[in-house]
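Given next are the chains, with one letter for each unit.
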Amino acid sequence: MRLIVPLRGVIQGRGGLFVGSLIPCCLFYFLQLYLKRRRPPPSDPTELPRTSSLSNLFSRGNSIGRVRVSSRAVPVAKPSDSPYYIGLERVKTDPYDRITNTDGIMQLGLAESTLCFDLLQRWMSENLMDSIMQSDDGEFDISSIAMYKPFEGLLELRVAFADFMSRIMGGNVSFDPSNMVITAGGTPAMEVLAFCLADHGNAFLIPTPYYPGFDRDIKFRTGVELIPVHCRSSDNFTVTVSALEQALNQARKRGSKVSGILFSNPSNPVGNILSRETLHDILRFAQEKNIHVISDEIFAGSVYGDKEFVSMAEIAELGEFDKSRVHIIYGLSKDLSIPGFRAGLIYSFHEDVVNAAKKLMRFSSMSVPVQRILISLLSDVRFIEEYMKAHKQRIRDKHIRFVEGLKQLGIPCAESGGGLYCWVDMRSLLTSYSEKGELELFEKLLTVAKINATPGTACYCIEPGWFRCCFTALADEDIPVTMERIRQLAESSKS
Amino acid sequence: MTRTEPNRSRSSNSNSGDGGSGGGRTTGMRVIVPLQGVVQGRGGLFLGSVIPCAFFYFLQFYLKRNRKNDDSDNSGERNSSSSSSSSSSSSSPNSGLPDPTRSQSAGHLTELTGLPRSLSRILLSPRNSGGGAVSVSGRVNCVIKGGGDSSPYYVGQKRVEEDPYNDLGNPDGVIQLGLAQNNKLSLDDWVLENPKEAISEGLSISGIASYEPSDGLLELKMAVAGFMTEATKNSVSFDPSQLVLTSGASSAIEILSFCLADSGNAFLVPTPCSPGYDRDVKWRTGVDVIHVPCRSADNFNMSMVVLDRAFYQAKKRGVRIRGIIISNPSNPTGSLLSRENLYALLDFARERNIHIISNEVFAGSVHGEEDEFVSMAEIVDTEENIDRERVHIVYDLSKDFSFPGLRSAAIYSFNENVLSASRKLTTLSPVSSPTQHLLISAISNPKFVHRFVKTNRQRLQSIYTELVKGLKELGIECTRSNGGFYCWADMRGLISSYSEKGEIELWNKLLNIGKINVIPGSCCHCIEPGWFRICFSNLSESDVPVVMNRIRKVCETCKSQN
C-alpha cells in the first residue's frame, strides 16, 4: 500500500528545483488573473474599496466643514509660479505708456502685434457691419447670426480659411475644408488635439525651448505629459532626430507611453523655421515609432527671413508617409493680429480625430457673428494680399531695428526667420551661469529695468541666459527706450 | 537549458528506480491520480514546465480576445490577426514581428501595473507591429462612437437639418420641436432697439482685436449681472466679480464638473433631465452621472428621500458623490422649484457636504403666472459663507436672450477657488471680443432689457397656452409648465406597448408620419415611457394648427392600429 500525498514530489523537493518553483508560480498567476478579472477596472481607482472608505470617512468627518473643490482644480486655482505668467501679471499692474506712464513696465512678454492695426481698422470700419448683417437677399436677417450653427464652423468659413492658409504658405499646398475644424482660438485647438491623441498619463515629445502656454493648454485638463527634448544653442535650437530618439527611449524606459511629437514651426520662442529635410526626418521618425505629429503653425504667415516656410501638410501630402498621423494647428491671432477674435483651427488627416473634434467643439466653438466677420475678411483677397505684404515687411523692419539695437549693446540674438519675437542671448549679463542666475536677471529686468521678457527657464530651455523678447507691440520710438533700459542694467551689473 | 539537463537526468534515474521497486511491492492496488507525473515531478522537467506554460498561453489568448471587444474596432482587428499569427509560434511569440522598437517595449511595463509581466508584453507587441495606422486615444473613442449619435435626440436633429419645415418654401418639411431656440420671438425688437450705429460703436478695432480677459470684460459682466437681476425680478442682486463668462452653457457645465469632481466621482441628477448632461459632464472630465428618477405621481418633483437613497446606494458601491445638478426652471418639464424645495435641497447638500449646480438657463423665460421663480442665489443670499460656497449657478445668455449663435453663458459661483480655476479654464472656451461687445451693446440698456424680458414672457405665455389647449383637444395632457421653452406631454395613451420600445416607435411615427421632431422621454432619462418634450419657442401662433393636424394624423394611425 502506498499513500498518495498530493504534490508529494514538490513538497519533498523531488520534482527538482525547476518544477517545484514553476508549478506554484503558475498557480499563482492563475489566481492573479482570476482576481484581476473579477476586480473593477484598475483605471478607476475610486472604486477600490480602500479609497472609497477613506473618502467616505473623510467626507463624514468634514460634514460641517467647508465643501471642497476637486483635487485637480486646486493646482489650477493656485496662482502660477512660472515667470511667464508672473511677468504678464506684473505688467498689468503697471503698464508702460509713452505719455501717461513713462516709468511703467515695457511689455516684451506677449506675442501680439500692433503693426498693422491701421489696415485692419480701415477694413473694419468699411466692412464690419455689412459682414455681420449680410444675408442672401441683401436684407438683414438676424437668424443668420443668432441661430445654432454647426459646431465645427460654417462651410463658407472653412473654405475661406483653406484658401487663406494656402495663400500665406506660398501656394505650395492646398487644404481640404472637410479636414478642418474651427475652434475658438489656438488654445482650445491644442487641448482638443491633446485629448484626442493621448490618454491620461501618455506623453508628447516636445523640443525645448517651447512656448510656456503649452503647459496650461495641454496639462490642465487632459492629463497628458510633455517630455522635453533638449535642443542646444550650438544647433541654433533645432531639433534633431537623434535627440528625439534618445528622449523617446528614455521615456519608454521610464514607462511612459509616448503618443506624439509636438513642435511649433516657425518655432516659438526661438523663431527659426524648420527646413524641408528636418520635417521629412521628423515625419519618418514618427512613422517608424508609430506616433502622431502635431505641428503648431500659428506663425506661418509671420515669416520675415529669407528662409521659406514649409507646412507639415505639404510633407504629408507627398504620399511618402502615412498622413493620417499629421495634425496641424493654425489661428489668426498672430498672422492677422486679431487675438481678440479667438480664431483657431485644427487641420487633421485623421478621420476619427476630425469627427471627435467636431463633437468636442460644443465646448469651444466660435460664435456665429465672428464667423461672419471672418468670412468676409478672409475672402477679401485684395485686402489680404495687401495686409500680408505689409505685415511681413513691418515685422522685418522692426526685427532689424530691435536686433541692431541689441547688437550695439553687445547682446546677440539667435538666428530667426519668423514669429513676433527674437531669442536673445543675455548670457553675458548673468551673475552666475545657472537657472538661479537667469531668474535673478529676469527679476532685475522686471523691477530695475522695467522690462518684461520671458526667461528661457519658463520655456524649459536647458541653457541659462536666453530670453524671449516680443518686439511687434513696440512702437519705433519705444525701441530706444527699451535699449536704454537694458544698457543701464548691463552697466550696473558689470560694475 | 544546460543548467537543467543534469537535474533532469538525475530525476529520471530516481524515477525509474522508484517506479520499479514500487511496482514490485504493491501489485494489487494502484490509485490513478490525474497528471500524477507532473504533480510529483516525475513527468520530467519538460512536461512539467511545458504543460502549465501552454495553459497559461491559452488563457492569455482567451483573455486578450475578450478584452478586445471594449477597444476600437480597428485595433481589435490588428490584435486578433497578430494573436493568431503568434499562437502558431507560441514558443517564441515575438519572433514573427519585425519591429525594431519592440525591444524597447519593455519600458511600457510599468504602465500596466498589476498585470503579470509576460502578459503585458504580449499585449504590447501588436501595438508596435509597425506599418499599422496610428491610433487615437482610447478616451476619444467614446466620443466618436458612443457619443449617442444613434439616440433619437441626434437622429431627429439631423432629419430637421435635411428637411426643415417652412410655411412657404417647404410646407411638408419636418417641424423642429426638439431644439430649444427662440427664433420667432423678440428678435426684431433687438434690431429695432439697436440700430447698426449702436452696434458698430462697440466694435472698434482696438477694442475687439487685442487680447482681452478671457473670462469676460468687466463691462459685460456688469451688463450680465444687470440682466440676471432683471430676469429674477430684482429679488436678488448679482455681483459681477463672481461671474465667469464661457462660450456656452455646455462649457460652463464642463468647467464646473472639472472643478467640483475628480475623475470617477459622480453627480446626482434628478431625471427627467436635459439630454446634454451626458456629453457635458461625462465626456472629457471623467465624472459620472447618477440619475435619480422622479415619477409622474409626484408631478416629476424630486423628493429628498429618493435623493438620500441614491446617495447611499452610490456610497455603498464606493462612488463618491460630489454634487447635485438641478435645473430650475426644469428642463424638460418646465416646472419651478419652490422655495421650500430649494431650502430642503440646501439642507441635503449641507448634510452630505456636497455641491449644488443650479442650471438656471431659463430664468428669464418664466412665463407662468401661478408660480414664482426663485433663484438659488436668492436662497443662499442670507446664508453663511460655508453654505454659499457650495452653490454654483449656470446662466445662459443664448437661451433667454434668444441668441444661441452667440454662444455665451456664465458661471456664477460663491466659491473663490472655483472662480479662480474657472477663470483660467476659460482660455480653453473663451467668448471672443466681438461677441462680448455685441452683447454689451445689446444688454447694457436697462430699459430695453426690462421691456425685452417682459415681451419675451408674454409671447412664450401665449404660444404655450395655445399649444396646451390644442394638445388637450387631442386628449394629450401636459404637466404644468411655468418656465422654459418646453412642455412635457403625456402620450402614454398613444404608445402601443408601455415600454421604451413603444415610446421609440411612437417617436418614429411622429417623425416620419407626422413630420415633427420631438424629444422622447428616454433621451431625458425619464423612467416612465410615453412622455415627450415639445419645444414651442420655435413656433409662431399660426404654426400651432399645423402641428396639431400632424399630431392628430399620428393619433389616428395609432388608434387604427390598436
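Source: prediction; values computed, not measured.

1. Quick notes on the domain arrangement of chain A
Residue and element names in this part refer to chain A.
- Partitioning chain A into domains gives domain 1 (78-116 + 385-493) and domain 2 (135-380).
- Each of domain 1 and domain 2 was reduced to a C-alpha centroid, and the two centroids are 26 Å apart.
- Each side of the interface is counted separately: domain 1 has 34 residues, and domain 2 has 36 residues.
- Summed over both partners, the interface of domain 1 with domain 2 comes to about 3,100 Å²; 55% of that surface belongs to carbon and sulfur atoms.
- In this structure, the connection of domain 1 to domain 2 is made through one salt bridge.
- In this structure, E385 and R167 form a salt bridge, with 2.7 Å as the shortest nitrogen-oxygen distance.
- Counting residues per element, the ones that place at least two in the side of domain 1 that touches domain 2 are α5 (83-93), α17 (381-408), β9 (421-425) and β12 (466-470).
- Sort the elements by how many residues they give to the side of domain 1 that touches domain 2 and α17 lands first, with eight residues.
- In terms of residue class, the side of domain 1 that touches domain 2 is built from 17 nonpolar, nine polar and eight charged.

2. What about the sheet that holds β12(A)?
Residue and element names in this part refer to chain A.
- Across the sheet, three strands lie side by side as β9-β12-β11; this open sheet has antiparallel pairing. What marks the edges here is a single partner per strand, and that holds for β9 and β11 (454-455).
- Relative to β12, β9 runs antiparallel, the two sharing five bridges. For Y421, the partnering residue across the bridge sits in β12 and is C470.
- Running over the sheet, helix α18 (residues 435-447) touches β11 and β12 and is turned about 30° from β12.

3. Considerations on empty space enclosed by the protein
Residues and elements named next belong to chain B.
- One pass over the full model with this rule turns up nine cavities of 30 Å³ or more.
- Approximately 220 Å³ is the volume found for the largest cavity.
- Along the wall of the largest cavity there are 19 residues; nearest its centre are P270, P272, F300, S327 and S330.
- At the level of elements, β3 (266-271) and β5 (321-327) are the ones that each hand at least two residues to the lining of the largest cavity.
- Each residue belonging to the lining of the largest cavity can be placed in one class, and the counts come to 12 nonpolar, seven polar and no charged.

Basis of the calculations
- The residue numbers shown here count from 1 along each chain, following its written sequence.
- Chain A is the first chain written and ligand 1 is the first ligand written, with later ones labelled in order.
- Reporting of local features is limited, given that this is a predicted model, to residues whose pLDDT is at least 70; pairs of side-chain atoms are given and counted only at 80 or more, and all residues count toward the totals for whole chains, interfaces and linings.
- Side-chain figures throughout are based on the complete set of non-hydrogen atoms in the structure, without hydrogens or water.
- Those domain boundaries reflect an automatic or database domain assignment.
- A contact between two residues is defined here by any heavy atoms of the two lying within 4.5 Å.
- Joining two parts hides part of their accessible area as seen by a 1.4 Å probe, and the buried area is that hidden amount summed over both.
- The working definition used for a salt bridge is a side-chain nitrogen of Lys or Arg within 4 Å of a carboxyl oxygen of Asp or Glu.
- Strands here are runs of E lasting at least two residues and helices are runs of H or I lasting at least four, both read from the DSSP assignment and numbered beginning at the N terminus.
- Under this grouping Gly is polar, as are all residues other than the nonpolar Ala, Val, Leu, Ile, Met, Phe, Trp, Tyr, Cys and Pro and the charged Asp, Glu, Lys and Arg.
- At least two bridges found by DSSP between two strands is the condition for calling them paired.
- Every angle, taken between N-to-C directions, lies between 0 and 180 degrees, and every axis is a line fitted to C-alpha atoms, over only the stretch in contact when it is a helix.
- A 1.4 Å probe that fits into a set of points on a 1 Å grid over the protein atoms alone but cannot get out defines a cavity; an open set with protein on both sides within 12 Å along at least five of seven lines defines a pocket, and lining residues are those with an atom within 4 Å of a point.
- Grid points are joined across faces, edges and corners, and a volume is the space filled by probe spheres set on the points.

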